[in-house]
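Each chain, written out:
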Amino acid sequence: MSFIGEAVLSVSVELLIEKLASKGLELFTRHEKLKADLIKWKGMLEMIQAVLADAEDRQTKDKAVKKWLDNLQNLAYDAEDVLDELETEALRRELLLQEPAAAYQPSTSTSKFRKIIPTCCTYFSPRSIQFESKMVSEIEDVTARLQSIISTQKDLLTMKNVISDGKSRINVGQRLPTTSLVNEADVYGRKKDKEAIVELLLRDDLRADDGFSVISIKGLGGVGKTTLAQLVNKDDRVQRHFQIKTWTCVFEDFDAFRVSKSILNSIASDQCTDKDDLNLLQEKLKKQLSGKKFLLVLDDVWNENYNSWRALSCPFGAGASRSKIVVTHRNQGVAETMRAVSTKTLKELSDDDCLCVLIQHSLGAREFVLNANIWDLQEDKCDIVPALRVSYHFLPPQLKQCFAYISLFPKDYEFEEEEIILLWTAEGFLDQEYNGRKMEDLGREFVRELHSRSLFQLSSKDASRFVMHDLINDLSRWAAGELYFRMEDTLAGENRQKFSQSLRHFLYIHGEYDGEKRLKSVSDVEHLRTFLPVNLSDYRRNYLAWSVLQRLMNLSRVRVFSLHGYHISKLPNEIGNLKHLRFLNLSRTNIQILPESINSLYNLHTILLEDCRRLKKLCKNMGNLTKLHHLRNSNVHSLEEMPKGFGKLTCLLTLCRFVVGKDSGSGLREFKSLMHLQGTLQISKLENVKDVGDASEAQLNTKVNLKALLLEWRDWNHVNQRRGNLSDVMEPDFKIEIRVLDMLKPHQKLEELTIAGYGGTKFPTWLGDSSFSKLVLLRFEGCGMCTTLSSVGQLPLLKHLEISRMDTVKSVGPEFYGNSCSVPFPSLETLCFQDMQGWEEWIPCGSGREGFPKLRMLSLVRCSKLQGSLPERLTLLETLAIKSCEQLLVTIHCCLKVKICNCKMCLGTKKMK
């Protein structure tokens, strides 16, 4: 059974109190009944907040208190939903006043009617009156439940100061202090780890600003940090190397007096005193250590307060230089606080070593461990449970709810940082502002913190992903309780599994065909906030019954809703009823058109449309989605244009692809107000830009957070098929394209740039400007009308250059290197030419200049007319790949990897592999 942490509930209650003061609720203060009840809420919530600490202490022993906390958690969710609904309605009315046709209205005639009525009438419309009547009823229900909670707490709880540091006071199990003794015969799989630590201890050249060096052993609870420290401490070489060896188990309570006394008692027990005098104690400890080389092992340290560490470590400086301290810990912050010179991160044992441990403790024990759920074991019979629970109980409050949320993911599921941050944001876990930081930045900090505490691990398969150890996954499920449910068995729903009405977050593994038998029950959970299917195989086709999809539209409180990977081609228009929705994932579906009702989902923060290859149209107007931060729509090749109103999405951070519209869609001017765009942006169908002023208004040079930009005109392969006298027919348009590209100059912090399908005959001068000092990758694809390449040899950090399908380029020479550059392409490492059908000559730099000093890979593919030879003195070249360059003469001086085929001849080879 899990226990709701006071810290988590205190965050929920505090968030409710903050919401009561939000600007959105001010709209309803004219309604006396609503105003009076919301004032009552604030007072009652503050009373509840005052007794949460007492409830935390008593819930493990008093079932009535545990039930009280359960009821409070459910009530907090419901109250937040009510406040959310009020804020959503306030936003709808605000949008209606700003532009009457903006707030989604099913009837065009209604929109026209609103234009001629006074704005004050918005508050007295039948819809508004009906809404407020409904909300009065819901608020009265929550008020009554709050009063019941208050009435019960008077009999159960007393007022205590709310814990402010987030550390729970639940008794996590009385753990015995560790000792330095170990039976080495019982230890498996740590020989290499032991040798690595011993080697560090015996070295005399480690940095030691205070006369001693700190070496840390980091890892998750139960992985064997203490055992490794015991092995190291027992080693004969270590015993001989140090004059004083002492061991102290620190635990969570980092008390300088207690730890100092323990160390002194270990060295000279006769010097210890019962007096509570830290100064006297440390004077004696300093005297004992003075001039002696010591080894101090501090086992199980949690302290991250530098002042506390300084208070403890003052006497250690009296020891001889090259003294060492070994510290075991779970959190990276401990090593940073103690300024460890080296940190050994301990991995789990291999399967073979684990089997040896199990056999050591008999085959019976092996069967027991394999079949038992450690969370069902009694704590007095199993040390694993309290050892792991302490990792949870000492998390800050905000991290506790974020950690519990990960319980939804299956064991061994690898997740990306961005993925989990978007989910946390949608659930409201990052709503609090800390020192003005954005939610996304706060989320990244939370991920780093959980990783530093060994609760997240980097995937061994993909360094960009994280994974949780199986036991930590179990710990998160214990912490989550019945608010979260993960359905892993794809057949589990065949028995019409019933779910608790307390369930808020639901994840399940995709089945091949998910119908009513499997998902009907969950669609009836009225207060569900998370509906999250996960596909563990990218190759399996998954189907969702239309009847189920319609039923899911009844989940009116849902905040996270995903249909990722399902073969569905349309959405019910009723999706507009999901007013609380923050996160909508339609990636890898067959969706073709987004319903217009999505424009009424005012709370949407994230829309994922990646790999929706059949998607043709978004909503006609998305201007209502003013809270939208992320529209990830990469690989939507059928998308015809972006809808109007994009310029109103001023919170937008991520926009993978923008398709320039013709008449009815959005133009480049929309970019002017999108000041916060970051990451990668692809702008397609730039041939639709007929007014150069649109490109100028886009102000791409102000988008300082963009890292990669792809500017794409037509599909040049398609143009080539019907070329003929195309240059004459389309000449006016191509002249416009020259000016458009000139106006689309990006910010100088850009790191990657691709120009594709461009129809101009020349490139703008800004393209090779050395002020683009961060540009590392540059691509030209299908710029078929350009007769010369851009002068990009002066770009100081350019490492990768790819040029393809530029058929009218005949010569590559001085204009390519840049006239003012003494060493052309000073940082270039890879250079690729492909499908350059008209290219005839490659002229060397000349004038005593030597280009490409760092080039490591050169590739030329299907450059059939290229004659002459390659540049010389490519001293660092490692890979040379040449294919179908029939006229080219190749001289190889020193290449490690060579692949040459369909060339005229190959001369002067000195070294080939």
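Computed from a prediction, not measured in an experiment: that's the story for all the values here.

So, how was this worked out
- Residues numbered from 1 in each chain as written.
- Predicted model: local features only at pLDDT ≥ 70, side-chain atom pairs only at ≥ 80, totals over all residues.
- Heavy atoms only, no water.
- Salt bridge = Lys/Arg side-chain N within 4 Å of Asp/Glu carboxyl O.
- Helix = DSSP H or I, 4+ residues; strand = E, 2+ residues; numbered from the N terminus.
- Buried < 20%, exposed > 50% of the residue type's maximum accessible area, 1.4 Å probe, protein only.
- Core = buried A, V, L, I, M, F, W, Y, C linked by side-chain atoms within 4.5 Å.
- Contact = heavy atoms within 4.5 Å.
- Phe/Tyr/Trp six-rings, centres within 6.5 Å; stacked < 30°, edge-to-face > 60°.
- Lys NZ or Arg CZ within 6 Å of the ring centre and 35° of its normal.
- Expected span 1.5 Å × (residues − 1).
- Polar contact = N/O pair within 3.5 Å; in protein donor to acceptor, adjacent residues only side chain to side chain.
- Axes fitted to C-alpha atoms, helices over the stretch in contact; angles between N-to-C directions.
- Parallel < 35°, antiparallel > 145°, perpendicular 65-115°, else oblique.
- Left-handed = near helix turned anticlockwise from the far one by under 90°.
- Pairing = 2+ DSSP bridges.

*Asks:* Would you mind going over the pattern of salt bridges in detail, with residue names and values included?
*Replies:* Counting across every chain of the model gives 47 salt bridges. For lysine 194, the salt bridge goes to aspartate 235, with nearest N and O atoms at 3.3 Å. Here aspartate 235 lies in the loop between α7 (225–234) and α8 (236–241) and lysine 194 lies in helix α6 (residues 191–202), a separation of 41 residues in the sequence. Given a relative accessible area of 8%, aspartate 235 falls into the buried group. A network of salt bridges, in which partner residues are shared, links Lys19, Glu80, Asp81, Asp84, Glu87, Arg529, Arg557, Arg559 and Arg582.

*Asks:* Outline the nonpolar core, listing residues and values.
*Replies:* If you look at the biggest cluster of nonpolar residues, it comprises 119 residues, and the most contacted ones within it are Phe531, Ile683, Leu801 and Trp842. Setting aside anything within four residues of it in sequence, one finds leucine 801 in contact with Leu778, Phe780, Val792, Phe816, Phe825, Leu828, Thr830, Leu831 and Cys832. By size, the runner-up hydrophobic cluster in this structure holds 63 residues, among which are Phe403, Ile421, Phe456 and Leu507.

*Asks:* Explain the packing of aromatic side chains residue by residue, including any values.
*Replies:* Each pair of aromatic rings is reported with the distance of its centres and the angle of its planes. Under the defined criterion, the tally for this structure stands at 35 aromatic pairs. When the centroid spacing of 4.9 Å and the interplanar angle of 55 degrees are considered together, the rings of phenylalanine 763 and phenylalanine 780 count as tilted. Of this pair, phenylalanine 763 sits in the loop between β22 (752–756) and β23 (777–781) while phenylalanine 780 sits in strand β23; the two residues are 17 residues apart in sequence, bridging distant segments of the chain. With relative accessibility at 12%, the residue phenylalanine 763 sits in the buried group. One aromatic cluster in this structure is built from Phe816, Tyr817, Phe825, Phe833, Trp839, Trp842 and Phe852. The lysine or arginine in question, lysine 400, covers the ring of tyrosine 392, its NZ or CZ lying 5.2 Å from the ring centre.

*Asks:* Could you give an account of helix α9 (residues 256–267), naming the residues involved and the relevant values?
*Replies:* Because an α-helix packs 3.6 residues into every turn, residues spaced three or four apart end up facing the same way. Taking 1.5 Å of rise per residue, the 12 residues of α9 would be expected to cover 16 Å, and the 17 Å separating its terminal C-alpha atoms lies within 8% of that figure. All of the buried residues along α9 are Ala256, Phe257, Val259, Ser260, Ile263 and Leu264. One side-chain oxygen at the N-terminal end of α9 lies 2.8 Å from the backbone nitrogen of phenylalanine 257; it belongs to aspartate 255.

*Asks:* Pulling in residues and values, what's your account of the environment of proline 826?
*Replies:* Along the chain, the position of proline 826 falls in the loop between α26 (814–817) and β26 (830–834). Residues proline 826 and leucine 855 lie 29 residues apart in sequence; the distance between their C-alpha atoms is 8.8 Å. Not counting chain neighbours up to four residues away, the residues in contact with proline 826 comprise Gly793, Leu795, Pro796, Pro853 and Lys854.

*Asks:* Which residues make up the packing of helix α17 (residues 417–427) against helix α18 (residues 439–452), and what values go with them?
*Replies:* Two elements in contact, α17 and α18, have axes separated by 9 Å at closest approach and are oriented at 120 degrees. Classified by the angle their axes make, α17 and α18 are oblique. For α17 against α18, the interelement crossing comes out right-handed. Note on element contacts: α18 touches α17 through Met439, Glu440, Gly443, Arg444, Phe446, Val447 and Leu450, opposite Glu417, Glu418, Ile420, Ile421, Trp424 and Thr425.

*Asks:* Go over unusual backbone geometry, please, and point to the residues and values.
*Replies:* Backbone geometry at aspartate 300 places phi at a positive 65 degrees, although glycine is not the residue there. Mapped onto the elements of the fold, aspartate 300 is located in strand β3 (residues 294–301). Residue aspartate 300 is classed as buried on the basis of its relative accessible area, which comes to 11%. Here the phi dihedral of asparagine 635 falls at roughly 60 degrees; this positive angle occurs in a residue that is not glycine. Taking relative accessible area as the criterion, asparagine 635 reaches 32% and is therefore assigned partly exposed.

*Asks:* Tell me what's going on with the sheet that holds strand β8 (residues 465–467), and back it up with residues and numbers.
*Replies:* Overall, antiparallel pairing links the 3 strands, which are arranged β6-β8-β7 in an open sheet. Edge positions in the open sheet fall to β6 (415–416) and β7 (457–458), since each of these has one partner strand only. For β6 and β8, the ladder comprises 2 bridges, and the chain directions are antiparallel. Looking across to β8, one finds that phenylalanine 415 is bridged to phenylalanine 466.

*Asks:* How would you summarise the sheet that holds strand β18 (residues 654–655) if you had to cite specific residues and measurements?
*Replies:* Spatial ordering of the open sheet is given by β9-β10-β12-β14-β15-β16-β17-β18, a layout of 8 strands whose pairing is parallel. This sheet does not close on itself; its edge strands, each paired only once, are β9 (484–487) and β18. Where strand β16 (residues 606–608) and strand β17 (residues 630–632) come together, 3 bridges link them in parallel fashion. By the bridge assignment for β17, leucine 608 is matched with arginine 632. Packing of helix α16 (residues 397–405) onto the sheet brings it into contact with β9, β10 (505–509), β12 (530–534) and β14 (560–562), and relative to β9 it is tilted by some 20 degrees.

Distances and angles like these do not, on their own, reveal function.
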